[in-house]
Amino acid sequence: MNAEFFAAIADIEKEKGIPQTYMLEKIEQALLAALRKDYPLQQDCARVVLDPVEKTVDMFMQQVVVEEVEDPVTQLSVEEAGKIKPGAVVGDFINEPVDTTKFGRIAAQAAKQVIIQGIREAERNIVFDEFTSKEHEILTGVVSRIDSRTGGVSIQIGGGNEHTEAMLSSGERIPTEPLRDGDRIKVYVIEVKKTTRGPQILISRTHPGLVKKLFELEVPEITEGIVEIKSIAREAGNRTKIAVLSNDPDVEPIGACVGSKGARVNTIVNELGGEKIDIVRYSEDPTEYIASALAPSEVIEVLMSEDGKSSRVIVPDNQLSLAIGKEGQNVRLAARLTGFKIDIKSESQADAE
(Lines give C-alpha, C1' and ligand atoms only; values in the text may rest on other atoms or scores of the structure.)
Protein backbone atom coordinates (compact mmCIF):
# COMPACT_ATOMS: atom_id res chain seq x y z
CA MET A 1 0.00 0.00 0.00
CA ASN A 2 2.84 2.39 0.87
CA ALA A 3 4.49 1.72 -2.51
CA GLU A 4 1.22 2.58 -4.28
CA PHE A 5 0.87 5.69 -2.12
CA PHE A 6 4.27 7.08 -3.14
CA ALA A 7 3.70 6.01 -6.76
CA ALA A 8 0.50 8.07 -6.76
CA ILE A 9 2.43 11.12 -5.55
CA ALA A 10 4.95 10.60 -8.37
CA ASP A 11 2.04 10.43 -10.85
CA ILE A 12 0.69 13.76 -9.56
CA GLU A 13 4.08 15.33 -10.27
CA LYS A 14 4.09 13.96 -13.83
CA GLU A 15 0.48 14.87 -14.63
CA LYS A 16 0.14 18.21 -12.85
CA GLY A 17 3.73 19.34 -12.42
CA ILE A 18 3.37 19.51 -8.62
CA PRO A 19 6.70 18.61 -6.92
CA GLN A 20 6.68 15.48 -4.76
CA THR A 21 8.34 17.38 -1.91
CA TYR A 22 5.42 19.84 -1.87
CA MET A 23 2.80 17.07 -1.87
CA LEU A 24 4.61 15.10 0.84
CA GLU A 25 4.70 18.22 3.01
CA LYS A 26 0.96 18.81 2.52
CA ILE A 27 0.10 15.16 3.17
CA GLU A 28 2.24 15.16 6.28
CA GLN A 29 0.37 18.25 7.50
CA ALA A 30 -2.96 16.59 6.70
CA LEU A 31 -2.15 13.36 8.53
CA LEU A 32 -0.81 15.28 11.50
CA ALA A 33 -4.01 17.35 11.64
CA ALA A 34 -6.09 14.17 11.52
CA LEU A 35 -3.97 12.54 14.20
CA ARG A 36 -4.38 15.51 16.52
CA LYS A 37 -8.11 15.58 15.88
CA ASP A 38 -8.47 11.94 16.95
CA TYR A 39 -6.12 12.32 19.92
CA PRO A 40 -6.94 15.80 21.27
CA LEU A 41 -5.32 15.15 24.67
CA GLN A 42 -2.04 14.11 23.06
CA GLN A 43 -1.73 16.78 20.37
CA ASP A 44 1.77 17.80 21.46
CA CYS A 45 2.98 14.22 21.13
CA ALA A 46 1.68 13.54 17.64
CA ARG A 47 4.33 12.89 14.97
CA VAL A 48 4.15 11.92 11.29
CA VAL A 49 7.17 10.90 9.21
CA LEU A 50 6.99 10.17 5.46
CA ASP A 51 10.07 8.57 3.93
CA PRO A 52 9.91 8.46 0.09
CA VAL A 53 13.19 6.52 -0.11
CA GLU A 54 12.10 3.67 2.17
CA LYS A 55 8.46 4.22 1.11
CA THR A 56 7.24 4.26 4.69
CA VAL A 57 4.57 6.28 6.49
CA ASP A 58 5.01 6.32 10.26
CA MET A 59 2.52 7.86 12.68
CA PHE A 60 3.23 7.75 16.38
CA MET A 61 2.96 9.45 19.74
CA GLN A 62 6.33 10.62 20.97
CA GLN A 63 7.31 11.04 24.63
CA VAL A 64 10.66 12.03 26.10
CA VAL A 65 12.32 10.13 28.97
CA VAL A 66 12.90 12.26 32.07
CA GLU A 67 14.04 11.70 35.64
CA GLU A 68 10.95 13.34 37.13
CA VAL A 69 7.68 13.45 35.21
CA GLU A 70 5.99 16.85 35.20
CA ASP A 71 3.78 16.34 32.17
CA PRO A 72 2.53 12.74 31.88
CA VAL A 73 1.28 13.38 28.35
CA THR A 74 4.64 14.28 26.82
CA GLN A 75 7.02 12.69 29.34
CA LEU A 76 7.86 9.20 30.59
CA SER A 77 9.86 8.13 33.63
CA VAL A 78 12.96 5.99 33.12
CA GLU A 79 11.11 3.05 34.72
CA GLU A 80 8.09 3.27 32.40
CA ALA A 81 10.29 3.82 29.36
CA GLY A 82 12.33 0.71 30.24
CA LYS A 83 9.20 -1.44 29.92
CA ILE A 84 8.79 -0.28 26.32
CA LYS A 85 12.44 0.11 25.36
CA PRO A 86 14.89 -1.77 27.57
CA GLY A 87 17.93 0.31 28.41
CA ALA A 88 16.17 3.64 27.85
CA VAL A 89 17.92 6.61 29.44
CA VAL A 90 17.02 10.22 30.17
CA GLY A 91 16.72 12.19 26.95
CA ASP A 92 15.63 9.25 24.79
CA PHE A 93 12.43 9.49 22.77
CA ILE A 94 9.87 6.71 22.97
CA ASN A 95 7.61 6.34 19.95
CA GLU A 96 4.30 4.54 20.32
CA PRO A 97 2.87 3.59 16.88
CA VAL A 98 -0.70 4.70 16.08
CA ASP A 99 -3.21 2.32 14.56
CA THR A 100 -4.39 4.38 11.57
CA THR A 101 -7.26 1.97 10.88
CA LYS A 102 -8.99 3.47 13.92
CA PHE A 103 -9.00 6.98 12.46
CA GLY A 104 -12.39 8.61 12.82
CA ARG A 105 -14.40 9.63 9.73
CA ILE A 106 -14.15 13.32 10.61
CA ALA A 107 -10.38 13.11 11.01
CA ALA A 108 -9.98 11.27 7.72
CA GLN A 109 -12.19 13.81 5.95
CA ALA A 110 -10.12 16.65 7.39
CA ALA A 111 -6.96 15.04 6.03
CA LYS A 112 -8.54 14.61 2.62
CA GLN A 113 -9.55 18.30 2.50
CA VAL A 114 -6.02 19.43 3.37
CA ILE A 115 -4.61 17.30 0.53
CA ILE A 116 -7.19 18.56 -1.98
CA GLN A 117 -6.54 22.15 -0.92
CA GLY A 118 -2.80 21.56 -1.26
CA ILE A 119 -3.22 20.32 -4.84
CA ARG A 120 -5.41 23.31 -5.75
CA GLU A 121 -2.97 25.74 -4.19
CA ALA A 122 -0.05 24.16 -6.06
CA GLU A 123 -1.95 24.27 -9.36
CA ARG A 124 -2.73 27.97 -8.81
CA ASN A 125 0.91 28.70 -8.07
CA ILE A 126 1.97 26.86 -11.22
CA VAL A 127 -0.50 28.92 -13.31
CA PHE A 128 0.63 32.13 -11.62
CA ASP A 129 4.32 31.42 -12.22
CA GLU A 130 3.65 30.41 -15.82
CA PHE A 131 1.66 33.50 -16.73
CA THR A 132 3.73 35.98 -14.72
CA SER A 133 6.55 35.26 -17.17
CA LYS A 134 4.15 36.14 -20.01
CA GLU A 135 3.13 39.59 -18.79
CA HIS A 136 3.27 42.14 -21.64
CA GLU A 137 3.26 39.33 -24.19
CA ILE A 138 0.69 38.07 -26.70
CA LEU A 139 -1.15 34.79 -26.17
CA THR A 140 -3.57 33.04 -28.50
CA GLY A 141 -6.84 31.88 -26.98
CA VAL A 142 -10.25 30.53 -27.95
CA VAL A 143 -13.52 32.25 -27.07
CA SER A 144 -15.33 29.81 -24.76
CA ARG A 145 -18.21 31.92 -23.41
CA ILE A 146 -19.70 35.38 -23.92
CA ASP A 147 -21.69 37.03 -21.13
CA SER A 148 -24.56 38.76 -22.90
CA ARG A 149 -25.31 40.84 -19.80
CA THR A 150 -21.85 42.34 -19.15
CA GLY A 151 -20.23 41.83 -22.53
CA GLY A 152 -17.29 40.02 -20.90
CA VAL A 153 -15.68 37.17 -22.81
CA SER A 154 -14.10 34.04 -21.31
CA ILE A 155 -10.97 33.10 -23.21
CA GLN A 156 -9.50 29.60 -22.96
CA ILE A 157 -5.72 29.74 -23.12
CA GLY A 158 -3.92 26.43 -23.65
CA GLY A 159 -5.55 23.10 -24.36
CA GLY A 160 -6.69 19.84 -22.77
CA ASN A 161 -6.21 19.58 -19.01
CA GLU A 162 -3.61 22.35 -19.10
CA HIS A 163 -5.96 25.14 -20.22
CA THR A 164 -6.63 28.26 -18.18
CA GLU A 165 -9.56 30.64 -18.35
CA ALA A 166 -8.94 34.37 -18.62
CA MET A 167 -11.62 37.06 -18.70
CA LEU A 168 -11.64 39.69 -21.44
CA SER A 169 -13.78 42.43 -19.90
CA SER A 170 -16.11 44.54 -22.03
CA GLY A 171 -13.80 47.53 -21.55
CA GLU A 172 -10.86 45.60 -23.02
CA ARG A 173 -12.76 44.41 -26.10
CA ILE A 174 -12.47 46.13 -29.47
CA PRO A 175 -15.90 47.84 -29.66
CA THR A 176 -16.41 47.13 -33.36
CA GLU A 177 -15.31 43.50 -33.18
CA PRO A 178 -17.98 40.77 -33.17
CA LEU A 179 -16.85 37.68 -31.28
CA ARG A 180 -18.40 34.21 -31.35
CA ASP A 181 -17.82 31.00 -29.42
CA GLY A 182 -14.87 29.13 -30.90
CA ASP A 183 -13.15 32.20 -32.38
CA ARG A 184 -9.35 32.14 -32.08
CA ILE A 185 -7.98 35.54 -31.08
CA LYS A 186 -4.74 37.06 -29.86
CA VAL A 187 -4.79 38.86 -26.51
CA TYR A 188 -2.27 41.03 -24.69
CA VAL A 189 -1.43 40.05 -21.09
CA ILE A 190 -1.52 43.26 -19.05
CA GLU A 191 -0.92 41.78 -15.61
CA VAL A 192 -1.18 38.61 -13.55
CA LYS A 193 -2.49 39.02 -10.00
CA LYS A 194 -2.68 36.63 -7.06
CA THR A 195 -6.14 36.55 -5.49
CA THR A 196 -7.87 34.37 -2.91
CA ARG A 197 -9.66 32.64 -5.79
CA GLY A 198 -6.45 31.93 -7.64
CA PRO A 199 -4.45 33.76 -10.31
CA GLN A 200 -6.30 36.52 -12.17
CA ILE A 201 -4.98 37.08 -15.70
CA LEU A 202 -5.82 40.56 -17.00
CA ILE A 203 -5.94 40.50 -20.81
CA SER A 204 -6.78 43.09 -23.44
CA ARG A 205 -7.55 43.60 -27.11
CA THR A 206 -7.50 47.40 -26.84
CA HIS A 207 -4.09 47.96 -25.20
CA PRO A 208 -1.44 49.66 -27.38
CA GLY A 209 0.90 46.86 -26.32
CA LEU A 210 -1.09 44.46 -28.51
CA VAL A 211 -0.24 46.50 -31.61
CA LYS A 212 3.42 46.74 -30.57
CA LYS A 213 3.71 42.97 -30.09
CA LEU A 214 1.91 42.24 -33.37
CA PHE A 215 4.45 44.39 -35.21
CA GLU A 216 7.27 42.57 -33.43
CA LEU A 217 5.83 39.26 -34.65
CA GLU A 218 5.45 40.45 -38.25
CA VAL A 219 8.51 42.67 -38.72
CA PRO A 220 11.88 40.91 -38.20
CA GLU A 221 13.70 44.27 -38.29
CA ILE A 222 11.91 45.24 -35.06
CA THR A 223 12.84 41.98 -33.33
CA GLU A 224 16.44 42.45 -34.43
CA GLY A 225 16.52 46.02 -33.11
CA ILE A 226 17.11 47.60 -36.52
CA VAL A 227 13.73 49.33 -36.46
CA GLU A 228 12.48 50.74 -33.16
CA ILE A 229 8.90 51.54 -32.13
CA LYS A 230 9.10 54.86 -30.31
CA SER A 231 5.44 55.55 -29.52
CA ILE A 232 1.91 54.26 -30.11
CA ALA A 233 -1.44 56.06 -29.82
CA ARG A 234 -4.53 53.97 -30.26
CA GLU A 235 -8.30 54.22 -30.34
CA ALA A 236 -9.11 50.52 -30.56
CA GLY A 237 -11.35 49.47 -33.41
CA ASN A 238 -10.89 52.73 -35.31
CA ARG A 239 -7.35 53.94 -35.72
CA THR A 240 -3.79 53.60 -34.45
CA LYS A 241 -0.75 55.77 -35.04
CA ILE A 242 2.68 54.26 -34.55
CA ALA A 243 5.99 56.15 -34.71
CA VAL A 244 9.05 54.22 -35.87
CA LEU A 245 12.76 54.94 -36.16
CA SER A 246 15.50 53.10 -38.05
CA ASN A 247 18.88 52.51 -36.42
CA ASP A 248 20.33 51.57 -39.81
CA PRO A 249 20.55 54.25 -42.55
CA ASP A 250 20.05 51.55 -45.19
CA VAL A 251 16.70 50.43 -43.75
CA GLU A 252 13.59 52.52 -44.35
CA PRO A 253 11.48 52.05 -41.15
CA ILE A 254 8.04 52.72 -42.62
CA GLY A 255 8.69 50.43 -45.59
CA ALA A 256 9.92 47.66 -43.29
CA CYS A 257 6.72 47.86 -41.24
CA VAL A 258 4.42 48.04 -44.27
CA GLY A 259 6.09 45.13 -46.04
CA SER A 260 5.99 44.09 -49.67
CA LYS A 261 2.65 45.23 -51.15
CA GLY A 262 1.50 46.00 -47.59
CA ALA A 263 1.63 42.32 -46.55
CA ARG A 264 2.99 42.91 -43.05
CA VAL A 265 0.74 45.74 -41.98
CA ASN A 266 -2.30 44.11 -43.61
CA THR A 267 -1.80 40.99 -41.47
CA ILE A 268 -1.98 43.19 -38.37
CA VAL A 269 -4.97 45.16 -39.68
CA ASN A 270 -6.83 41.90 -40.29
CA GLU A 271 -6.00 40.65 -36.79
CA LEU A 272 -7.46 43.88 -35.38
CA GLY A 273 -10.67 43.61 -37.40
CA GLY A 274 -9.87 46.27 -40.00
CA GLU A 275 -8.48 48.93 -37.63
CA LYS A 276 -6.64 51.62 -39.61
CA ILE A 277 -2.93 51.97 -38.87
CA ASP A 278 -0.85 55.06 -39.69
CA ILE A 279 2.89 54.39 -39.59
CA VAL A 280 4.87 57.61 -39.22
CA ARG A 281 8.53 58.50 -38.94
CA TYR A 282 9.84 59.47 -35.49
CA SER A 283 12.12 62.49 -35.16
CA GLU A 284 13.98 64.16 -32.31
CA ASP A 285 12.95 67.47 -33.89
CA PRO A 286 9.46 68.25 -32.49
CA THR A 287 8.40 70.20 -35.60
CA GLU A 288 9.27 67.29 -37.91
CA TYR A 289 7.72 64.75 -35.55
CA ILE A 290 4.43 66.65 -35.24
CA ALA A 291 4.21 67.19 -39.01
CA SER A 292 4.81 63.48 -39.57
CA ALA A 293 2.27 62.47 -36.90
CA LEU A 294 -0.54 64.41 -38.64
CA ALA A 295 -0.34 62.14 -41.71
CA PRO A 296 -2.06 61.69 -44.07
CA SER A 297 -2.53 65.48 -43.96
CA GLU A 298 0.03 67.81 -45.50
CA VAL A 299 1.60 70.39 -43.21
CA ILE A 300 2.89 73.85 -44.21
CA GLU A 301 4.49 74.88 -40.93
CA VAL A 302 4.78 73.85 -37.28
CA LEU A 303 5.34 76.63 -34.71
CA MET A 304 6.40 75.56 -31.22
CA SER A 305 5.39 77.52 -28.12
CA GLU A 306 8.01 79.09 -25.88
CA ASP A 307 7.47 76.48 -23.18
CA GLY A 308 8.00 73.72 -25.73
CA LYS A 309 4.84 71.87 -24.67
CA SER A 310 2.42 72.91 -27.38
CA SER A 311 2.44 73.81 -31.06
CA ARG A 312 0.47 75.61 -33.74
CA VAL A 313 0.25 73.74 -37.03
CA ILE A 314 -0.67 75.43 -40.32
CA VAL A 315 -2.11 73.27 -43.07
CA PRO A 316 -3.46 74.00 -46.57
CA ASP A 317 -7.10 75.09 -46.60
CA ASN A 318 -8.16 71.92 -48.37
CA GLN A 319 -6.34 69.77 -45.79
CA LEU A 320 -7.89 71.21 -42.62
CA SER A 321 -10.63 68.62 -42.17
CA LEU A 322 -8.18 65.81 -43.01
CA ALA A 323 -5.67 67.10 -40.45
CA ILE A 324 -8.32 67.32 -37.74
CA GLY A 325 -9.94 64.03 -38.72
CA LYS A 326 -13.41 62.71 -38.07
CA GLU A 327 -14.57 64.02 -34.69
CA GLY A 328 -11.01 65.29 -34.13
CA GLN A 329 -9.51 61.80 -34.12
CA ASN A 330 -6.45 62.48 -36.29
CA VAL A 331 -5.17 65.47 -34.32
CA ARG A 332 -6.10 63.79 -31.02
CA LEU A 333 -4.03 60.71 -31.83
CA ALA A 334 -1.17 62.84 -33.14
CA ALA A 335 -1.09 64.78 -29.88
CA ARG A 336 -1.02 61.57 -27.82
CA LEU A 337 1.63 60.05 -30.08
CA THR A 338 4.01 63.02 -29.83
CA GLY A 339 3.18 64.23 -26.33
CA PHE A 340 2.58 67.83 -27.53
CA LYS A 341 -0.61 69.87 -27.60
CA ILE A 342 -1.52 70.62 -31.20
CA ASP A 343 -3.62 73.59 -32.42
CA ILE A 344 -4.42 73.33 -36.12
CA LYS A 345 -5.17 76.31 -38.34
CA SER A 346 -5.77 76.52 -42.06
CA GLU A 347 -3.48 78.75 -44.11
CA SER A 348 -6.20 81.38 -44.62
CA GLN A 349 -7.06 81.37 -40.90
CA ALA A 350 -3.41 81.91 -40.04
CA ASP A 351 -3.10 84.77 -42.56
CA ALA A 352 -6.23 86.44 -41.17
CA GLU A 353 -4.86 86.25 -37.64
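Reading the values: the criteria
Residues numbered from 1 in each chain as written. Predicted model: local features only at pLDDT ≥ 70, side-chain atom pairs only at ≥ 80, totals over all residues. Heavy atoms only, no water. Helix = DSSP H or I, 4+ residues; strand = E, 2+ residues; numbered from the N terminus. Expected span 1.5 Å × (residues − 1). Buried < 20%, exposed > 50% of the residue type's maximum accessible area, 1.4 Å probe, protein only. Pairing = 2+ DSSP bridges. Axes fitted to C-alpha atoms, helices over the stretch in contact; angles between N-to-C directions. Arc of directions from axis to C-beta. Phe/Tyr/Trp six-rings, centres within 6.5 Å; stacked < 30°, edge-to-face > 60°. Lys NZ or Arg CZ within 6 Å of the ring centre and 35° of its normal.

A separate point is helix α2 (residues 20-38). Taking 1.5 Å of rise per residue, 19 residues should cover 27 Å, and α2 covers 27 Å from first to last C-alpha, within 8% of that figure. Those residues of α2 not exposed but buried are Y22, M23, L24, K26, I27, A30, L31, L32, A34 and L35.

Here we take up the sheet that holds strand β11 (residues 239-246). Pairing in this open sheet of three strands is mixed, and the strands run β10-β11-β12 from one edge to the other. Sheet topology places β10 (227-235) and β12 (276-281) at the edges, where each strand pairs with a single neighbour. Taking the axes of each pair of neighbouring strands and ignoring which way they run, one obtains an average angle of 20 degrees across the sheet. Where β10 meets β11, eight bridges bridge the pair, whose relative direction is antiparallel. In the sheet register, I232 faces β11, and the bridge partner there is I242.

Counting through the fold element by element, T21 comes out in helix α2. Taking the relative accessible area as the measure of exposure, T21 reaches 62% and is therefore exposed. Each C-alpha atom, one on T21 and one on I9, is 9.4 Å from the other, the two residues being twelve residues apart in sequence.

Right, let's talk about the sheet that holds strand β14 (residues 310-315) for a bit. The sheet built from three strands is open, its strands ordered β13-β14-β15 with mixed pairing. One side of each edge strand has no neighbouring strand; the edge strands of this open sheet are β13 (301-304) and β15 (341-346). Strand-to-strand twist of the sheet, defined as the mean angle between neighbouring strand axes without regard to direction, takes the value 20 degrees. Looking at chain direction, β14 and β15 are connected through six bridges and run parallel.

Of all the positions in helix α9 (residues 286-293), only Y289, I290, S292 and A293 are classed as buried. The buried side chains of α9 occupy one side of the element, clustering within an arc of 160 degrees when seen end-on.

In this description, an aromatic ring pair is defined by two values, namely the gap between the centres and the angle between the planes. The final tally for this structure, using the stated rule, is one aromatic pair. For the pair Y282 and Y289, a centre-to-centre distance of 4.7 Å together with 70 degrees between the ring planes defines the contact as edge-to-face. The class of Y289 is buried, set by a relative accessible area of 5%. The ring of Y282 carries K230 above its face, with NZ or CZ at 5.2 Å from the centroid.

For the rest of this paragraph, the subject is the pairing of β10. Among the nine residues of β10, seven are classified as buried, and the element is accordingly described as predominantly covered. Hairpin connection from β10 to β11: three residues lie between these consecutive antiparallel strands, with G237 at a positive phi of about 90 degrees.

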